[in-house]
Amino acid sequence: MIEVDAQTMREIAPRFSGANAERQNAIITAVGEVLAPTLSAYEINTRFRIAHFLAQTCHESAGFRTTEEFASGQAYEHRADLGNVKDGDGPRYKGRGLIQLTGRANYRRMGAILHQDLENNPVLAAEPVLSLKIACEYWKDRKINVACDADDVVRVTKLINGGTNGLDDRRTLTSKAKMALARLEGLVLTGAAPPSQNRPVLRRGSKGHAVGELQRLLQKLGYMVAVDNDFGAGTEVAVAAFQKQNQLLVDGIVGAKTWKLLDAMEAKIHETTVPG
């Protein structure tokens, strides 16, 4: 079991101030106490599965700062497809949870699964620990672990919201989650680099979390490059400069040899900065 907790969530989530920060802290603190065993119970137990779960729930909950939809829920009024058949059902059964549960029928079904009377007490779905379990049940029902195992953020996103709304933010959060988990597992803290042979070959035009990891490594090594998960001209120039300075083939393409040296140099930096 990977011991993810409140600190892991804080590494991923955006920072807020005032009331938003207080609410975020309350949610993260409560969820963090039961996060690892709850995820393990639902077989969300690998780095990819956990990273995608934390990233998606962070996005869906507006940075872990709410477990209740900001809108009134009036838009769901008299939606028979959601089981909202009585006046007031729209607001009463508005979206709640880290992945929002919406509609009387879904509250009834989820309540039966979790042995909670959510139909008669819908606000319970916003309670942080229960909201985590609701998200896990949704994850299990939609078989999202399969998409996580393929590291397919687009497919995971579609399974969550039916489309690709907020895809860029979800990609960024997934990358942050992977980095947080790598640190947690000791891949960075112990100076042990991730296996370079398992990294994808990156070149100009590549996009995604692996590009973001590359850009962060280049930044750590002093190269002026933005972290935007997009392998553009600036990243290509930085890669070529790194290759030239380290007697590698200068082609601007990040293959196994370039990854291996990047990881090794990043580990050396860590050794010189972490107190013995």
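Residues numbered from 1 in each chain as written. Predicted model: local features only at pLDDT ≥ 70, side-chain atom pairs only at ≥ 80, totals over all residues. Heavy atoms only, no water.

In terms of helices and strands, the chain carries twelve helices and zero strands. When the elements of the chain are put in sequence order from the N terminus, they spell out α-α-α-α-α-α-α-α-α-α-α-α. When the backbone C-alpha atoms are referred to their principal axes, the chain occupies close to 70 × 40 × 35 Å. When each of the 276 residues of the chain is scored for burial, the buried share is 48%. Sequence separation of 24 or more characterises 55% of the internal contacts of the chain that already satisfy a separation of 6 or more. Taken as a whole, the chain presents about 13400 Å² of accessible surface, with 52% of it coming from carbon and sulfur. Charge separation in the chain, taken as the distance between the mean sites of 35 positive and 32 negative side-chain charges, equals 3 Å. (Helix = DSSP H or I, 4+ residues; strand = E, 2+ residues; numbered from the N terminus. Buried < 20%, exposed > 50% of the residue type's maximum accessible area, 1.4 Å probe, protein only. Contact = heavy atoms within 4.5 Å. Areas by Shrake-Rupley, 256 points an atom, 1.4 Å probe, with all protein chains shown as cover. Lys, Arg positive; Asp, Glu negative; His and termini not counted. Charge placed at Lys NZ, Arg CZ, Asp CG, Glu CD.)

Our focus in this paragraph is the pattern of salt bridges. Taken as a whole and judged by the stated rule, the model has 14 salt bridges. Between Glu-68 and Arg-96 there is a salt bridge; the shortest N-O distance is 3.5 Å. In this pair, Glu-68 is assigned in the loop between helix H3 (47–60) and helix H4 (89–92) and Arg-96 in the loop between H4 and helix H5 (104–114), connecting sequence segments 28 residues apart. Residue classification places Glu-68 among the partly exposed positions, given a relative accessible area of 30%. In this structure, Glu-266 and Lys-220 form a salt bridge, with 2.8 Å as the shortest nitrogen-oxygen distance. With a gap of 46 residues between them, Glu-266 in helix H12 (residues 256–273) and Lys-220 in helix H10 (residues 209–220) connect regions that are remote in the sequence. Taking relative accessible area as the criterion, Glu-266 reaches 10% and is therefore assigned buried. Linked by salt bridges that have partners in common, Asp-89, Arg-92, Arg-104, Arg-108 and Glu-119 make up one network. (Salt bridge = Lys/Arg side-chain N within 4 Å of Asp/Glu carboxyl O.)

This brings us to the packing of aromatic side chains. Following the criterion strictly, the structure yields three aromatic pairs and no others. Arranged with centres 5.0 Å apart and planes meeting at 70°, the rings of Phe-53 and Trp-139 form a pair that is edge-to-face. In this pair, Phe-53 sits in helix H3 while Trp-139 sits in helix H6 (residues 128–141), placing the two residues 86 residues apart along the sequence. (Phe/Tyr/Trp six-rings, centres within 6.5 Å; stacked < 30°, edge-to-face > 60°.)

Our next topic: helix H8 (residues 153–161). Among the residues of H8, Val-153, Val-156, Thr-157, Leu-159 and Ile-160 are the ones counted as buried. Mapping the buried residues of H8 onto a view down its axis gives an arc of 160°, with all of them on the same face. Where H8 is buried, its residues contact H3, H6, helix H7 (144–149) and helix H9 (167–184). The opening residue of H8 is Asp-152, an N-cap whose side-chain oxygen sits 3.3 Å from the backbone nitrogen of Val-154. Once H8 finishes, Gly-162 follows within two positions and takes phi at roughly 85°, a positive value. (Arc of directions from axis to C-beta. Polar contact = N/O pair within 3.5 Å; in protein donor to acceptor, adjacent residues only side chain to side chain.)

The next thing to look at is the nonpolar core. Counting residues in each nonpolar core, the largest one holds 46 residues, and the members touching the most others are Leu-39, Phe-53 and Trp-139. Taken together, the elements giving at least two residues each to this core come down to helix H1 (6–12), helix H2 (18–41), H3, H5, H6, H7, H8 and H9. For Leu-39, the contacting residues outside a window of four places in its chain are Val-4, Ile-44, Ile-50, Phe-53, Leu-132 and Cys-136. Grouped together as the second largest cluster of nonpolar side chains are 16 residues, Leu-214, Tyr-223, Phe-231 and Trp-259 included. (Core = buried A, V, L, I, M, F, W, Y, C linked by side-chain atoms within 4.5 Å.)

Attention now moves to the confidence of the model for the chain. This prediction gives the chain a mean pLDDT of 89; 92% of its residues lie at or above 70. Residue range residues 187–197 is modelled with pLDDT below 50. Its contacts to residues more than four positions away, or to other chains, number 21 contacts. (pLDDT = per-residue confidence, 0-100.)

Between its first and last C-alpha atoms H2 spans 34 Å; for 24 residues at 1.5 Å apiece the expected length is 34 Å, and the two agree. Approximately 55° is the largest bend angle found in H2, and it occurs at Leu-35, with the proline Pro-37 only one to four residues beyond. Buried within H2 we find Gln-24, Ile-27, Ile-28, Val-31, Gly-32, Leu-35, Ala-36, Thr-38 and Leu-39. (Expected span 1.5 Å × (residues − 1). Bend = angle between axes of the 7 residues up to and from the residue.)

In this fold, Thr-67 is placed in the loop between H3 and H4. On the accessibility criterion, Thr-67 (0% relative accessible area) is buried. Within the local environment of Thr-67, its side chain forms a polar contact with the backbone oxygen of Ala-126, the two atoms lying 2.5 Å apart. Each residue touching Thr-67, except ones within four places of it in the same chain, is listed here: Arg-23, Ile-27, Gly-95, Arg-96, Gly-97, Leu-98, Ala-126 and Ser-131.

To continue, consider the environment of Val-129. Topologically, Val-129 is positioned in helix H6. The exposure class of Val-129 is partly exposed, given its relative accessible area of 22%. As a C-alpha pair, Val-129 and Glu-33 span 96 residues in sequence and 8.9 Å in three-dimensional space.

Turning to the packing of H5 against H6, a few remarks are in order. In the contact formed by H5 and H6, the axes pass within 11 Å of each other and the chain directions differ by 100°. Judged by the angle between their axes, H5 and H6 are roughly perpendicular. Counted together, Arg-109, Met-110, Ile-113 and Leu-114 of H5 and Leu-130, Lys-133, Ile-134, Glu-137, Tyr-138 and Asp-141 of H6 form the full contact between these two elements. (Axes fitted to C-alpha atoms, helices over the stretch in contact; angles between N-to-C directions. Parallel < 35°, antiparallel > 145°, perpendicular 65-115°, else oblique.)

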